[in-house]
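Listed here are the chains, written in short residue letters.
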Amino acid sequence: MTQDLVAPRRKLTVIPLVAATYFMVSGGPYGLEELVQNSGYLLALVLLVATPVVWSLPTAMMVGELAAAIPAEGGFYVWVRRALGPFWGFQEAWLSLMASIFDMAVYPVLFVAYLGRFWPQANLAPLSFILAATVLAACVAWNLLGAKAVGDGSVLMSVLLISPFVVVTIMALMRHGPLGPAAPASGLVHSDLITGILVVMWNYMGWDNASTVAAEVEDPQRTYPRVMLFSMIAIVVSYTIPVAAVWHTHIAPANWNTGSWADIAAMVAGPWLGIALVVASMVSTFAIVNSLTMSYSRLPVAMAEDGYLPRLFTRKLPNGAPWAAIVLCALGWGLALNLKFDRLLMLDILLWGASVVLEFIALAVLRVREPNLARPFKIPGGLPVAVLAGVGPTALIVLAIIKTHDTRLGNFSALTVGLTLMAAGVAVYYPLAWLRQRHLAAN
């Protein structure tokens, strides 16, 4: 047998999948600090509310429609393959796996950086690498317990994450005197609107990641549309309310910088709340790695079932966890832990954005080719609206490409690196397709 026997298992329901999706997309208000610093409170809040209308809402609706109509393991890979053929399906999976390198290597390192606030030795090599690898190993162990365990754990960790921000919000709104001189309405320092938009895009991306575990979701046809809606509301609220509350204290935008939520919390309520925010940041980064491990590990499973990867990736535990894919993916991410990803936000957007464009094309093509496909949830307005839904996200991705051209990664631009990785996907596909054909012919 090429796959272990899979016994009946507990599946993800709405609330656990909402929690897991929250961490796949967001992970809390961390990452918004430079947005406030560069854009000021007013513009930051406008971007946090307006960008989802153009970027997140169409993407979430697209995921809701396709995940409900085609609830298959591998999610977006299966949608694109079904609509556009095996070549583009492979490119979809390749782009996502390449983006996962940057996602999954940076968060364990961030966890160690946050830990370093309590234990400075944690930032010293080789201990920092060992600790980051331990985070990955812990997420592997958790994922081996199954998707339901990951979802339930995400519910608990979301409560631990949000609680300190609730306290920050309440304490900030209860203050009657300013903590500093009145900040200007915009608070602009050296505003870069495009950079602000890209930061917000990064904080709102990853909606399709929840689709890869569709085979392990209870009643996916009804669950996914609700998960997309509830997750979006939760993310927008968790971003905007704390930022608006801190604005009430008149803390100047110049006091915001990367990782400054703990300092802001200490200013609002005292050192104890700053400590709580640091602990919450560690919970957030761990939960992000844990949820994304679940999502990304299902891609190699679907590709292996199609013959593009060794059958080893299809092996599962009785609870449905694809143990080989989880372990092998984690080993790959672990090899990248020493890389520096502090300037790769735009490259991440570029790779993930290209995969989202393919998903919107698949949405439109399936509307034409399979008009009778059962769609429990459907973007209203017919084919024209389904096509227009992809215009906003695509335009923002083009904006990201223009900006990426200015970002340097050593001697190369981020755009050059991104296009090279895309070209590598094309080059890798043909020999794998040839080997697949030989295997099929031999059997």
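Residues numbered from 1 in each chain as written. Predicted model: local features only at pLDDT ≥ 70, side-chain atom pairs only at ≥ 80, totals over all residues. Heavy atoms only, no water.

**Some remarks on the overall build of the protein**
- Within the protein, the secondary structure is distributed over 16 helices and two strands.
- Computed over C-alpha atoms, the radius of gyration of the protein comes to 22 Å, within 12% of the 22 Å expected from 2.2 N^0.38 for 443 residues, which places it in the range of a compact globule.
- By principal-axis analysis of the C-alpha atoms, the protein measures approximately 75 × 50 × 45 Å.
- Looking at the protein as a whole, 54% of its 443 residues are labelled buried.
- For the protein, the proportion of contacts with a sequence separation of at least 24, taken over those separated by at least 6, is 82%.
- Of the roughly 17800 Å² of accessible surface on the protein, a fraction of 71% belongs to carbon and sulfur atoms.
- In the protein, 24 positive and 21 negative side-chain charges are present, and the distance between their average locations comes to 5 Å. (Helix = DSSP H or I, 4+ residues; strand = E, 2+ residues; numbered from the N terminus. Rg over C-alpha atoms; globule rule 2.2 N^0.38 Å. Buried < 20%, exposed > 50% of the residue type's maximum accessible area, 1.4 Å probe, protein only. Contact = heavy atoms within 4.5 Å. Areas by Shrake-Rupley, 256 points an atom, 1.4 Å probe, with all protein chains shown as cover. Lys, Arg positive; Asp, Glu negative; His and termini not counted. Charge placed at Lys NZ, Arg CZ, Asp CG, Glu CD.)

**With respect to the confidence of the model for the protein**
- Model confidence for the protein is summarised by a mean pLDDT of 87, while 90% of its residues fall at 70 or above.
- The least confident element of the protein, judged by mean pLDDT, is strand 1 (residues 408-409) at 58; the most confident is helix 4 (residues 76-84) at 96.
- Counting interchain partners and residues more than four positions distant, the pLDDT-below-50 stretch residues 185-190 has 14 contacts. (pLDDT = per-residue confidence, 0-100.)

**Re the packing of helix 6 (residues 127-143) against helix 12 (residues 323-335)**
- Remark: helix 6 packs on helix 12, axes separated minimally by 10 Å, with the N-to-C direction vectors making an angle of 165 degrees. The angle between the axes of helix 6 and helix 12 places the two elements in the roughly antiparallel class. Both helix 6 and helix 12 take part in a crossing whose hand is right-handed. Here helix 6 contributes F129, L136, V140 and N143 to the contact with helix 12, which in turn contributes I326, V327, A330, W333 and G334.
- Partitioning the contact of helix 6 with helix 12 into residue classes produces seven nonpolar, two polar and no charged. (Axes fitted to C-alpha atoms, helices over the stretch in contact; angles between N-to-C directions. Parallel < 35°, antiparallel > 145°, perpendicular 65-115°, else oblique. Left-handed = near helix turned anticlockwise from the far one by under 90°. Nonpolar A, V, L, I, M, F, W, Y, C, P; charged D, E, K, R; others polar.)

**Regarding the side chain of D306**
- Position of D306 relative to the elements: it lies in the loop between helix 11 (271-305) and helix 12.
- Of the residues examined, D306 reaches a relative accessible area of 18% and is grouped as buried.
- Setting aside its immediate chain neighbours within four residues, D306 contacts Y77, R81 and R436.

**A word on the pattern of salt bridges**
- A complete count under the given rule lists nine salt bridges for this structure.
- R82 is paired through a salt bridge with E370; the nearest N and O atoms lie 2.7 Å apart. Residue R82 is found in helix 4, and its partner E370 is found in the loop between helix 13 (345-369) and helix 14 (382-388); the two are separated by 288 residues along the sequence.
- Across the pair R117 and D263 runs a salt bridge, and its minimum N-O distance is 3.9 Å. (Salt bridge = Lys/Arg side-chain N within 4 Å of Asp/Glu carboxyl O.)

**A closer look at the packing of helix 1 (residues 14-25) against helix 11**
- Across the interface, helix 1 lies against helix 11 with an axial gap of 8 Å and an inter-helix angle of 105 degrees. The angle between helix 1 and helix 11 falls in the class roughly perpendicular. Contacts between helix 1 and helix 11 pair A20, F23 and M24 from the former with S284, A287, I288, S291, L292, M294 and S295 from the latter.

**Some details on empty space enclosed by the protein**
- Tallying each qualifying case throughout the model produces one cavity of 30 Å³ or more.
- In this structure, the largest cavity occupies an estimated 50 Å³ of space.
- Forming the boundary of the largest cavity are Y30, Y114, R117, G259, W261, A262, L277, V278 and S281.
- Contributing elements (two or more residues each) for the lining of the largest cavity: helix 10 (261-269) and helix 11.
- Looking at the lining of the largest cavity element by element, the count peaks at three residues for helix 11.
- Tallied by class, residues from the lining of the largest cavity come to six nonpolar, two polar and one charged. (1 Å grid on protein atoms, 1.4 Å probe; cavity = no way out; pocket = protein on both sides within 12 Å on 5 of 7 lines; lining within 4 Å. Points joined across faces, edges and corners; volume = space filled by probe spheres on them.)

**Considerations on the layout of surface pockets**
- Put simply, the second largest pocket is a space of about 270 Å³.
- Counting only elements with at least two residues in the lining of the second largest pocket, the list comes to helix 5 (86-115), helix 11, helix 12 and helix 16 (414-442).
- The element best represented in the lining of the second largest pocket is helix 5, accounting for six residues.

**Details of the packing of aromatic side chains**
- Enumeration according to the criterion identifies 19 aromatic pairs in this entry.
- Both rings, one in Y41 and one in W256, keep their centres 6.1 Å apart while their planes meet at 80 degrees; by these two values the pair is edge-to-face. Here W256 lies in the loop between helix 9 (220-247) and helix 10 and Y41 lies in helix 2 (residues 33-54), a separation of 215 residues in the sequence.
- When its relative accessible area of 0% is taken as the criterion, Y41 is described as buried.
- Where F87 meets Y430, the ring centres are 5.9 Å apart and the plane angle is 35 degrees; that geometry is what we call tilted. Remark: Y430 occurs in helix 16 and F87 occurs in helix 5; sequence separation between them is 343 residues.
- An aromatic cluster is defined as three or more aromatic residues linked by ring pairs; in this entry it consists of Y30, Y41, Y114, F165, W247, W256 and W261. (Phe/Tyr/Trp six-rings, centres within 6.5 Å; stacked < 30°, edge-to-face > 60°.)

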